[in-house]
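Below are the chains, spelled out letter by letter.
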Amino acid sequence: MLFVLLAVHGPVREPVLDWTWPMGFVLLAPALAAFSTLVGMAFSARAKDIRVAEHLSGLVLLPAMLPVMLVVTRTIPATPVTWLVFVTAIVVLDFLLWRMALRAFDRERAISAV
C-alpha cells in the first residue's frame, strides 16, 4: 500500500487504498486457517486412508472461500459489516467443527495402535 501511495495517481489510487480490504483479510485469514485445520482433523480422525482424508477435506475447503469470492467479484460490497458477518459465521463454524473433531477423535485407538 505504501508503493501505491507513492507511485499511483488518479482513479486507481483510492480503491486500492481502501482500508476495508486489508481489515477483512486480516480478520478472515486466521478464521479460515482454523477452519482448514479443523476440517483436516475431523476427516483424518475417521478416515482409514490418509489420501481419502486429504481429498475429502480439500473438497470441503473449496466452499469456505465463498465469502472472499463474493467480495472480490463485487457481488457483495466490501464493508466492515460484511467482513464481520463473514468472520462471525466462520468462527461459529470453527467452534462447531472443533467440537465435532473432539468427538470424532478416538484417543484409545491412537494410543493402542502402533
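Scroll up to find the structure.
Overview of the structure.

What counts and what doesn't
- Residues numbered from 1 in each chain as written.
- Predicted model: local features only at pLDDT ≥ 70, side-chain atom pairs only at ≥ 80, totals over all residues.
- Heavy atoms only, no water.
- Core = buried A, V, L, I, M, F, W, Y, C linked by side-chain atoms within 4.5 Å.
- Buried < 20%, exposed > 50% of the residue type's maximum accessible area, 1.4 Å probe, protein only.
- Helix = DSSP H or I, 4+ residues; strand = E, 2+ residues; numbered from the N terminus.
- Contact = heavy atoms within 4.5 Å.
- Phe/Tyr/Trp six-rings, centres within 6.5 Å; stacked < 30°, edge-to-face > 60°.

**Section: the nonpolar core**
Move 1: Counting residues in hydrophobic clusters, the biggest one holds 16 residues, and the most contacted among them are L28, L32, F35, V71, W83 and I90.
Move 2: Elements that contribute at least two residues to this core include exactly α3 (20-46), α5 (66-72) and α6 (80-104).
Move 3: With 7 residues, the single largest contributor to this core is α3.
Move 4: Those residues in contact with W83 that sit more than four places away from it in its chain are T20, W21, M23, G24, F25, L28, V71 and A78.

**A look at the packing of aromatic side chains**
Move 1: A full pass over the atoms with the stated rule returns 4 aromatic pairs.
Move 2: A centroid spacing of 5.9 Å and a plane angle of 45° characterise the contact between W21 and F25, whose relative ring orientation is tilted. Of the two residues, W21 and F25 both sit in helix α3, 4 residues apart, roughly one turn of that helix.
Move 3: Through pairs of rings, three or more aromatic residues link up here, namely W21, F25 and W83.

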